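Each chain, written out:
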Amino acid sequence: MPSPRRADAPSRGLGLRHAVLLVGFVVVGLCLLAIPFLGAPGSAQAARADLDAAQAALQEGDVAAASEHTASARGHVDEVQDAVQGVGGDVWSVVPVAGGPVRDVRRLGNALDDLTAIAEIGVDAWPQLSGEKSTLFDNGNVDLPTLERLLADLDGVAERAEAAEAELADVEDERLGVGTRLADLRDQALERVTPISSGIRSVQPMLEVLPGVLGAEGERKYLVAMLNPAEMLYSGGTPQTFTTMAFDDGRISIGETIDLATSRGAFQRRYWKKVKGNPFHRGKLQVALSTFAPDWEVSGNELVNAWRAFRGRPMAGVIAVDVVALADLAAITGPIDLPPYGTLTADNLVENLVGSYDEHPDNLARHETNRALVPLFRERLFGQGHLAEKVQVLGDAARGRHFATYFRDAEVQAAFADAGLSGELAEAEHDYLGVFTQNAVGSKSDYWQRRTVSSRVDVRRDGSARVRLEVAIHNDSPPYVQPVPDLKTGYFTRWNTLSIAPFIAPGATIRSAAVDGQEFDFNQGDFFGRPFLRRTVEFAPQARHTLTVTYDVPSAAAVGDDGGLTYVLDLDPQGMVDPQAMDVRVSWPRGFRADPDQDGWRSPRGRTSTYRTDGLTETTTLRVTARR
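Here the structure is a predicted model, which means the values were calculated and not measured.

**A look at the packing of helix α9 (residues 323-333) against helix α11 (residues 363-382)**
Close contact between α9 and α11 brings their axes to 11 Å; oriented N to C, the two are set at 40°. As judged from the angle between their axes, α9 and α11 are oblique. Crossing handedness for the pair α9 and α11: left-handed. From α9, Val-323, Leu-326, Leu-329 and Thr-333 reach across to α11, where they touch Leu-373, Leu-376, Phe-377 and Arg-380. Taken together, the residues of the contact of α9 with α11 sort by class into six nonpolar, one polar and one charged.

In structure tokens, the structure reads:
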């Protein structure tokens, strides 16, 4: 009888050969199905290059070129999608081990498709935003149907950005065979998508209420205040010129322009309804002094109440803008011809309007110019073209506290606050600092104010800190040139008398205060939970004085689960002509060393971290971490 082992050998060899052949056919089939994948990386790279070119063309205002680049990107993206989303992609996506990278490639392809769709929406909408044929603005009015279409386009962008973020979130950090290469591509894509998505999320509430603000649901009247940063209040420049602006179904009408210096009754002290809890409203005040509070949600409310007491007219809100923001608008919309100053550009507007009173001593001519500024702002803002750039300018101006809005309607106010346009003080999660000065004796000398703020922070292991703050101010005024003695007040003086007020973190306790090393008694004030103190200091021409304040912050740093410390400082600027310099030095407890390569920070010795900027031009949050 044949041996079973010998009888089965030929059939086993045949089965093995069949198996090998079968595997071979599968491998060949998969290779054939993978052929389209070979062109995908090149097409994806070409699409990305086209999208970059489209963005650059739009920034240059070349819509035709942007459209061509976007169409080319769409062609390349379709090639990518045909390669990775077809039958080959379906089969490869379920293959063990290899399927993971394939699924990630498909997700990256979908995200690229969404980014290209966003570019297509943008190119189509751009002519209405900034084109010469845009119907959004018509003779200074707002066409609400066009606005509604643009808002619908933005909703489409938001949907695509959300979809892209969802696709990218599912891409793994590392895959067998490809390592982190796909994750690197994911991160590159997120660098494009995240700013779009977060930006839209921040402005969407505002855009939803914008038609109502513009009178879609009935007339809305707002007070427009032009601020002069050569004479500062804690909120920014002193409001000296006003007008009313009414919106009714998109139609804009401008009321009488009032210059407080020449308006009858403007300097009369009055009672009006005080904003509850505002420590800067005491008894009767002049209208121009209603905006003491550094937070525009408070100052705007006070100004609306003051205006009703002054003119007897209720307003739906306030739009506050200073000449620094007006100069930034001029950089986009072109030079301004304004007698007696001649041609004003972005480079010379601020100096001519608020820094050269000696050259223009005629009071009547100067006040006539002041009355022209608010209508000029309306003309430049609602004139045709450059809308996207104007929105960017006003957003930047708001972050630097040169522009602010306040609305009586709580929903509208909250929406504009979310968009960063309300002039509210920064959130104070841990440490906080806002240094503001106020012109205590009427003058225009804040044009020459030069300020450096230094904060020395000793962090303790429990996250609390002792802070030593120095506010160094230089009255960098030029020689006095008038033929009469300098009276230390008025338009031409070179003296400055400042009420200096640091606002610090909620819960902080002030321990000591001094000017030029001389300690003084102080009262710790409270501004809606933020401690502050004030000290009035007189500055002769070219004088320098330093206010020093020492205080304790209960939770300046967050304590991590690993015992590490993350110091967090929220900073608010003041809307000065020359932005303040800011210098922060954080000293860590013994045994702690700062993490390397932290954005904006230097930690050369490990136990000390430093941050410096020559110009604090926007509300800023600083973070730095140290570990044991």
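**Things to note about empty space enclosed by the protein**
Under the definition given, this model contains two cavities of 30 Å³ or more. Here the largest cavity defines a volume of roughly 130 Å³. Looking at the largest cavity, it is lined by 13 residues, and the ones nearest its centre are Asn-228, Gln-240, Val-354, Asn-370 and Leu-373. For the lining of the largest cavity, the elements supplying multiple residues, two or more each, are β3 (220-233), β4 (236-248), α10 (349-354) and α11. Looking at the lining of the largest cavity, its residues break down into eight nonpolar, four polar and one charged. Of the voids in this model, the second largest cavity is the one considered here, and its volume is about 40 Å³.

**Observations regarding the side chain of Gln-598**
With respect to the helices, strands and loops of the structure, Gln-598 is situated in the loop between β24 (593-594) and β25 (608-613). Once residues within four sequence positions are removed from consideration, Gln-598 is found in contact with Arg-623, Val-624 and Thr-625.

**Notes on the packing of α9 against helix α12 (residues 387-399)**
Between two packed helices, both the angle of their axes relative to each other and the distance between the axes serve to describe the pair. It is the contact of α9 with α12, at a shortest axis distance of 10 Å, that shows an interaxial angle of 160°. As the angle between them shows, α9 and α12 are arranged roughly antiparallel. In the packing of α9 onto α12, the handedness of the crossing is right-handed. Together, Ala-325, Asp-328, Leu-329, Ile-332 and Thr-333 of α9 and Glu-389, Lys-390, Val-393 and Ala-397 of α12 make up the contact between the two elements. Looking at the contact of α9 with α12, its residues break down into five nonpolar, one polar and three charged.

**Considering the packing of aromatic side chains**
Taken as a whole and assessed by the stated rule, the structure comprises 18 aromatic pairs. Relative to Phe-503, the ring of Phe-436 lies with its centre 5.6 Å away and its plane at 70°, an arrangement referred to as edge-to-face. Highlighted residues: Phe-436 in strand β11 (residues 431-439) and Phe-503 in strand β14 (residues 496-504), separated in sequence by 67 residues. Residue classification places Phe-436 among the buried positions, given a relative accessible area of 0%. The class of Phe-503 is buried, set by a relative accessible area of 0%. Arranged with centres 4.9 Å apart and planes meeting at 15°, the rings of Phe-503 and Phe-532 form a pair that is stacked. Taken together, the residues span a long stretch of sequence, with Phe-503 in strand β14 and Phe-532 in strand β18 (residues 530-532) at a distance of 29 residues. Neither Phe-503 nor Phe-532 differs from the other in exposure class; each is buried. Through pairs of rings, three or more aromatic residues link up here, namely Tyr-234, Phe-280, Phe-436, Phe-503, Phe-527, Phe-528 and Phe-532. Sitting over the ring of Tyr-432, Arg-530 keeps its end group 4.5 Å from the ring centre.

About the thresholds
- Residues numbered from 1 in each chain as written.
- Predicted model: local features only at pLDDT ≥ 70, side-chain atom pairs only at ≥ 80, totals over all residues.
- Heavy atoms only, no water.
- Axes fitted to C-alpha atoms, helices over the stretch in contact; angles between N-to-C directions.
- Helix = DSSP H or I, 4+ residues; strand = E, 2+ residues; numbered from the N terminus.
- Parallel < 35°, antiparallel > 145°, perpendicular 65-115°, else oblique.
- Left-handed = near helix turned anticlockwise from the far one by under 90°.
- Contact = heavy atoms within 4.5 Å.
- Nonpolar A, V, L, I, M, F, W, Y, C, P; charged D, E, K, R; others polar.
- 1 Å grid on protein atoms, 1.4 Å probe; cavity = no way out; pocket = protein on both sides within 12 Å on 5 of 7 lines; lining within 4 Å.
- Points joined across faces, edges and corners; volume = space filled by probe spheres on them.
- Phe/Tyr/Trp six-rings, centres within 6.5 Å; stacked < 30°, edge-to-face > 60°.
- Buried < 20%, exposed > 50% of the residue type's maximum accessible area, 1.4 Å probe, protein only.
- Lys NZ or Arg CZ within 6 Å of the ring centre and 35° of its normal.

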